[in-house]
Amino acid sequence: GCGVGTYSVQSGIDDAAYVSFTDDAKQEIIVNIDNKTYNVYTVRQKAYKSGRNIKQTAKNTIKLTPGQHNISVLLNGNEVYSHKVFLSTGETKIVEL
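As a convention, each chain's residues are numbered from 1 in the sequence order in which they are written. Given that this is a predicted model, residues contribute local features only at a pLDDT of at least 70 and side-chain atom pairs are listed and counted only at 80 or more, while totals for whole chains, interfaces and linings are drawn from all residues. Think of the side-chain values as coming from all heavy atoms in the structure, minus any hydrogens and water.

(A) Molecular detail of the overall build of the chain. Put simply, DSSP H or I for four residues or longer makes a helix, DSSP E for two residues or longer makes a strand, and each gets a number counted from the N terminus. Assigned secondary structure in the chain consists of 0 helices and 8 strands. Counting from the amino terminus, the chain carries its helices and strands in the arrangement β-β-β-β-β-β-β-β. Partly exposed describes any residue whose relative accessible area lies between the buried limit of under 20% and the exposed limit of over 50%, with all areas from a 1.4 Å probe on protein chains only and scaled to the type maximum. Across the 97 residues of the chain, 32% fall into the buried class. By the convention used here, residues are in contact when the closest approach between their heavy atoms is within 4.5 Å. Put simply, 54% of the contacts in the chain that link residues at least 6 apart link residues at least 24 apart. Accessible area of the chain: about 6,800 Å², with a carbon and sulfur share of 45%. Each accessible area is a Shrake-Rupley result for a 1.4 Å probe, and residues are judged covered by the shown protein chains and nothing else.

(B) Region of the structure containing the pairing of strand β2 (residues 28-33). Side chains of β2 alternate between two faces, with I29, V31 and I33 buried and E28, I30 and N32 left unburied. In this scheme, strands are said to pair when DSSP sees at least two bridges between them. Of the pairings in the sheet, the one linking β2 to strand β3 (residues 36-41) comprises 6 bridges and is antiparallel in character. Counterpart to N32 in the pairing with β3 is T37. Hairpin connection from β2 to β3: 2 residues lie between these consecutive antiparallel strands, with D34 at a positive phi of about 50 degrees.

(C) Looking closely at the sheet that holds strand β7 (residues 78-87). As summarised here, the arrangement of the 4 strands in space is β3-β2-β6-β7, forming an open sheet in which the pairing is antiparallel. Whereas interior strands pair on both sides, the edge strands pair on one side only; in this sheet they are β3 and β7. Geometrically, the sheet is characterised by an average inter-axis angle of 25 degrees between neighbouring strands, direction not taken into account. Only C-alpha atoms enter the line fits that serve as axes; for helices the fit covers just the stretch in contact. Angles between N-to-C directions range over 0 to 180 degrees.

(D) Geometry of the nonpolar core. In this text, buried Ala, Val, Leu, Ile, Met, Phe, Trp, Tyr and Cys residues form a nonpolar core when linked through side-chain atoms within 4.5 Å. Counting residues in hydrophobic clusters, the biggest one holds 17 residues, and the most contacted among them are V19, F21, V31, I33, I62 and I71. Elements with a contribution of two residues or more to this core: β1 (17-23), β2, β3, β5 (61-64), β6 (67-75) and β7. When near neighbours in sequence (up to four residues on either side) are disregarded, I62 contacts A17, Y18, V19, F21, V31, I33, Y38 and V40.

(E) Up close: the environment of I54. By secondary structure assignment, the location of I54 is in the loop between β4 (43-44) and β5. Along the chain, I54 and F21 lie 33 residues apart, while their C-alpha atoms are 9.6 Å from each other.

(F) Highlighting the side chain of H69. Here H69 is to be found in strand β6. Here a polar contact means two N or O atoms within 3.5 Å. Within protein one must be a hydrogen donor candidate and the other an acceptor candidate, and residues neighboring in sequence count only if both atoms are side-chain atoms. Looking at H69, its side chain comes within polar contact range of the side chain of D34, at 2.6 Å. Contacts of H69, omitting those with residues within four sequence positions, involve I33, D34, L64, H83, K84, V85 and L87.

Everything listed here is a matter of geometry and, on its own, says nothing about what the molecule does.
Here you go:
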């Protein structure tokens, strides 16, 4: 009876980070993150305004572990983005192409 026992506490933040891509038009892009390739679509910039959340779907958002990642993006065979980024837990990084 003294309330001694084992219990767990869960925070509301998923131990993951996300990256999404915006462009003038919705287009298919090839994203390479840490030597792993993803085929995703951009979100039209008109549909995304700063301060608003992008509607994340499996087609436009990549779920990653928090930490440092090397990200490059190919659009029509041309590299249009290449950076090393650090993502915090629960963060969604928006890459504007």
